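# Structural description and commentary
One-letter residues, chain by chain:
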Amino acid sequence: MAVLQIATQPFADQRPGTSGLRKKVKVFQQPHYLENFVQSVFDCVEELAGATLVLGGDGRYHNREAIQTILRLAAGNRVAHVIVGQGGIVSTPAASNLIRLHEAAGGFLFTASHNPAGPDGDFGVKFNIAGGGQAPENLTQRIYEQSRSIQRYRVVEHPGIDIDRRGAAKIGDTMIEVIDGVADYAKLMERLFNFDRIAAWLKAGHLIRYDALHAVTGPYARRILVDLLGAPGDAVVNAIPLEDFGGGHPDPNLVYAKPLVDIAFGKDPPELCAASDGDGDRNMILGRHIFISPGDSLAMLAANHSVIPGYKNRVHGFARSMPTSRAVDQVADKLGVKCYETPTGWKFFCNLLDAGKATICGEESFGTGSDHTREKDGLWAVLAWLNILAETGKDVQAIAGSHWSDFGRHYYARHDYEALPGADAGAVMKELELVLPRLVGKQFDAGTITQSDSFSYDDPVDGSHAEGQGLRIVFGRSARIVLRQSGTGTSGATLRLYLERYESPDGILDQPVNIALSPLATIAEKITRIGELTGRKSPTLVT
Ligand code: VG1
Ligand code: CO
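Residues numbered from 1 in each chain as written. Chains lettered and ligands numbered in written order. Predicted model: local features only at pLDDT ≥ 70, side-chain atom pairs only at ≥ 80, totals over all residues. Heavy atoms only, no water.

### Focus: the pattern of salt bridges
Applying the stated criterion to the full structure yields 33 salt bridges. Where Glu-375 meets Lys-126, a salt bridge forms, and the shortest distance between an N and an O atom there is 3.4 Å. Of this pair, Glu-375 sits in the loop between strand 18 (367-370) and helix 13 (378-392) while Lys-126 sits in strand 6 (residues 122-129), and the two are 249 residues apart along the sequence. When salt bridges with common partners are traced through the structure, they connect Arg-320, Arg-326, Asp-329, Glu-341, Asp-453, Arg-472, Arg-480 and Glu-500 into a single cluster. (Salt bridge = Lys/Arg side-chain N within 4 Å of Asp/Glu carboxyl O. Helix = DSSP H or I, 4+ residues; strand = E, 2+ residues; numbered from the N terminus.)

### A word on the sheet that holds strand 17 (residues 360-363)
Spatial strand order, 16-15-17-18: 4 strands in an open sheet with mixed pairing. The sheet terminates laterally at strand 16 (338-342) and strand 18, the two strands that pair on one side only. The sheet shows a mean angle of 15 degrees between the axes of neighbouring strands, taken without regard to direction. Relative to strand 17, strand 15 (residues 317-321) runs parallel, the two sharing 3 bridges. Each bridged residue has a counterpart across the sheet, and for Arg-320 the counterpart in strand 17 is Gly-362. (Pairing = 2+ DSSP bridges. Axes fitted to C-alpha atoms, helices over the stretch in contact; angles between N-to-C directions.)

### What about the coordination of the cobalt ion (ligand 2)?
Every protein donor of the cobalt ion (ligand 2) is listed here as Ser-113 (OG), Asp-277 (OD), Asp-279 (OD) and Asp-281 (OD), and their distances to the metal cover 2.0 to 2.1 Å. For the cobalt ion (ligand 2), the donor residues sit on a single chain with the sequence spacing S-x163-D-x1-D-x1-D. Taken together, the residues Ser-113 in the loop between strand 5 (106-110) and strand 6 and Asp-281 in the loop between strand 12 (272-276) and strand 13 (283-287) connect sequence positions 168 residues apart. (Donors = N, O, S within 2.8 Å, 3.2 Å for Na, K, Ca; no water.)

### Considerations on the site of ligand 1
Close to ligand 1 lie 20 residues; Thr-18, Ser-365, Gly-487, Thr-488 and Arg-496 are nearest. The side chain of Arg-22 places a nitrogen or oxygen atom 2.8 Å from an oxygen atom of ligand 1. Here an oxygen atom of ligand 1 sits 2.6 Å away from a polar atom, N or O, in the side chain of Ser-365. (Near = heavy atom within 4 Å. Polar contact = N/O pair within 3.5 Å; in protein donor to acceptor, adjacent residues only side chain to side chain.)

### Points about helix 3 (residues 63-76)
Over its 14 residues, helix 3 runs 20 Å from end to end, which matches the ideal 20 Å to within 8%, given 1.5 Å per residue. Among the 14 residues in helix 3, 11 count as buried, and that is most of the element. Taken residue by residue, helix 3 has Asn-63, Ala-66, Ile-67, Gln-68, Thr-69, Ile-70, Leu-71, Leu-73, Ala-74, Ala-75 and Gly-76 as its buried positions. Just past helix 3, the residue Arg-78 takes up positive phi, approximately 60 degrees. (Expected span 1.5 Å × (residues − 1). Buried < 20%, exposed > 50% of the residue type's maximum accessible area, 1.4 Å probe, protein only.)

### Looking at the nonpolar core
Within the largest apolar cluster, 73 residues are counted, with the highest numbers of intra-cluster contacts made by Met-189, Phe-193, Leu-225, Trp-380 and Trp-385. Looking at this core, the element that brings in the most residues is helix 13, giving 11 residues. In this structure, Met-189 is in contact with Phe-195, Ile-224, His-372, Asp-377, Trp-380 and Leu-383, ignoring residues within four places of it in sequence. Counting 42 residues, the second-largest nonpolar core is a separate cluster that includes Val-41, Leu-48, Ile-70 and Ala-74. (Core = buried A, V, L, I, M, F, W, Y, C linked by side-chain atoms within 4.5 Å. Contact = heavy atoms within 4.5 Å.)

### Some remarks on the side chain of Asp-251
Position of Asp-251 among the secondary structure elements: in the loop between strand 11 (236-237) and helix 9 (258-264). Among the polar contacts listed, one links the side chain of Asp-251 to the side chain of Arg-282, at a separation of 3.5 Å.

### Re unusual backbone geometry
Residue His-62 is not a glycine yet carries a positive backbone phi of 85 degrees. Of note, the phi angle at Ala-419 is positive, near 50 degrees, even though the residue is not glycine. Of note, Ala-419 is situated in strand 19 (residues 409-420). Ala-419 gets classed as partly exposed once you look at its relative accessible area, which sits at 46%.

### Re the sheet that holds strand 13
Within a sheet, adjacent strands bond to each other through the backbone by hydrogen bonds, running parallel or antiparallel. On the basis of which strands lie adjacent, the open sheet formed by 5 strands has the order 11-10-12-13-14 and mixed pairing. Both outer strands of the open sheet, strand 11 and strand 14 (290-292), are each paired with one neighbouring strand and no more. Against the sheet, helix 10 (residues 294-303) makes contact with strand 13 and strand 14, and its axis sits at roughly 75 degrees relative to strand 14, the strand it touches most. Across the sheet, helix 14 (residues 396-407) touches strand 12, strand 13 and strand 14, and the angle it forms with strand 14 is around 60 degrees.

### What to know about the pairing of strand 25 (residues 471-475)
Taken across its 5 residues, strand 25 has 5 buried, putting it largely inside the fold. Burial along strand 25 is two-sided: Leu-471, Ile-473 and Phe-475 and Arg-472 and Val-474, pointing in opposite directions, are all buried. Relative to strand 26 (residues 479-485), strand 25 runs antiparallel, the two sharing 5 bridges. Counterpart to Ile-473 in the pairing with strand 26 is Ile-481.

### A closer look at helix 16 (residues 513-528)
Here helix 16 spans 21 Å end to end across 16 residues, near enough to the 22 Å set by a 1.5 Å rise per residue. The largest bend in helix 16 amounts to roughly 40 degrees and is located at Pro-519. For helix 16, the set of buried residues is Ala-516, Leu-517, Leu-520, Ile-523, Ala-524, Ile-527 and Thr-528. Once helix 16 finishes, Arg-529 follows within two positions and takes phi at roughly 60 degrees, a positive value. (Bend = angle between axes of the 7 residues up to and from the residue.)

### Digging into the packing of aromatic side chains
By the definition in use, this model includes 13 aromatic pairs. With a centroid separation of 5.1 Å and an interplanar angle of 50 degrees, the aromatic rings of Phe-108 and Phe-127 are classed as tilted. You can see Phe-108 sitting in strand 5 and its partner Phe-127 sitting in strand 6, a full 19 residues away along the chain. Grouping residues by exposure puts Phe-108 and Phe-127 together as buried. Connected via pairs of aromatic rings, a cluster forms that spans Phe-11, Phe-28, Tyr-33, Phe-110 and Phe-123. A cation over an aromatic ring shows up here: Arg-409 above the ring of Trp-404, its NZ or CZ 3.9 Å from the ring centre. (Phe/Tyr/Trp six-rings, centres within 6.5 Å; stacked < 30°, edge-to-face > 60°. Lys NZ or Arg CZ within 6 Å of the ring centre and 35° of its normal.)

Now the structure itself:
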């Protein structure tokens with residue numbers, strides 16, 4: 001069948017951010033917009049021709065159209081075999097797994113993660129490379145450059161493939177295979193965790209509740225928690241993925257998953273409450289009347305990894321993004337393994353995972369995962385917690401309590417200032433950068449500033465260098481203030497202020513987080529002047 005060369009003109013705004021290209025749906029609906037970006041990927045990743053490609057998304061509005069568009073482009077660029085999730089549904093970690101399993105040369109994932117969906121919401125496209133990881137910085141940079149000069153894209157015309165039915169079809173010479181997007185992922189989880197032990201624990205009457213927030217993890221959670229592990233059907237709620245996520249904001253945190261939080265803090269709560277985000281790579285963990293902050297969850301999983309079959313005797317190191325709490329560093333010290341500090345964004349973990357330097361890693365933004373895929377993995381974290389609960393017989397409160405009395409506690413919060421005028425956000429960053437060199441040695445209630453700099457990173461595996469990855473102000477071991485600009489937003493600029501305060505094991509370990517951090521928040525305002533420079537009296541969101 002004939003490959004058509006369609007003439008096009010570049011768009012100037014196709015620079016991928018922290019995790020792919022994210023824009024309003026309306027932007028992606030412009031003629032040629034998606035085609036240009038995807039063709040730019042095909043132009044930069046020549047090995048896709050003749051190879052296998054994985055395709056799927058979080059089910060949000062425009063997912064189905066985008067899949068048909070990519071299928072035509074894949075045929076136009078002579079991809080041999082495209083694997084598509086049934087209904088276009090594949091969670092981000094499951095897609096990463098499919099790429100690995102089928103030794104695909106890459107995959108396109110349609111997601112804007114937790115950003116709201118629908119005709120006025122957000123859409124996104126992310127390219128993952130062979131091995132399942134997100135395109136590294138040098139590749140996204142090349143793709144962006146290509147998108148600035150693109151003149152044509154290649155398609156094979158086709159009326160469309162039925163992606164709701166499993167089976168195979170052809171567009172031109174390209175084989176399109178629609179598969180169950182859940183099955184292989186479920187098998188992978190079965191290999192990592194002790195399903196028998198978890199099933200027995202559930203059978204003994206321990207209750208859980210998992211909220212899929214009307215997003216991609218519904219079918220995964222149903223299959224794994226209910227069908228395979230035997231949790232009661234009502235343990236998984238909001239399990240049908242909707243194109244607009246039910247009008248909600250599928251971001252698993254104390255604000256956007258409030259109904260679940262109310263249950264966890266209500267009367268007779270289940271032993272574990274959990275939720276994931278739009279594309280299934282984030283997780284929130286709650287016990288009875290307790291919220292486990294993501295940095296703590298990472299540290300607790302790291303400390304208890306040996307009860308999980310997939311990790312026993314094979315943890316070589318940990319990694320966390322720079323703003324993430326340093327709780328896991330202490331676990332690494334105790335176990336005598338290394339903990340790497342990377343820039344924000346999962347792509348920076350991939351080399352460490354590939355090289356076997358890190359086994360488990362995480363970010364403060366509710367992301368945890370391991371070397372089983374090259375994306376963070378929401379349900380993985382939930383199963384890891386379930387495995388630990390089932391194996392130790394302790395509840396979430398007890399696990400957290402003994403962790404804090406062993407290691408001390410890192411009180412932690414992130415304050416987001418969303419939708420700021422770009423100039424205001426830029427001014428805050430610039431002003432702080434100017435004073436940073438003079439801060440070391442200054443004394444505050446939180447202690448003396450021992451380090452203040454703009455974080456840069458040299459990848460220990462391939463030597464690549466990343467600069468400008470956030471401004472940090474460190475008060476020795478006792479506290480940190482970090483400020484950076486978000487790279488995933490679609491309207492205006494977002495500043496993220498990260499606050500961390502360490503309390504040693506003999507300190508007060510059960511304070512409300514906002515109270516424990518209130519003096520540090522005051523110091524942060526004094527130093528960063530966010531309120532003063534932006535006119536915002538308080539953050540838009542505290543997580
Ligand atoms: C945010 C988080 C970061 C995460 C990224 C993608 O990026 O801070 O930790 O990796 O989202 O996650 P930023 O640049 O807005 O701070 V997801 O679940 O949105 O793909
Ligand atoms: Co996500």
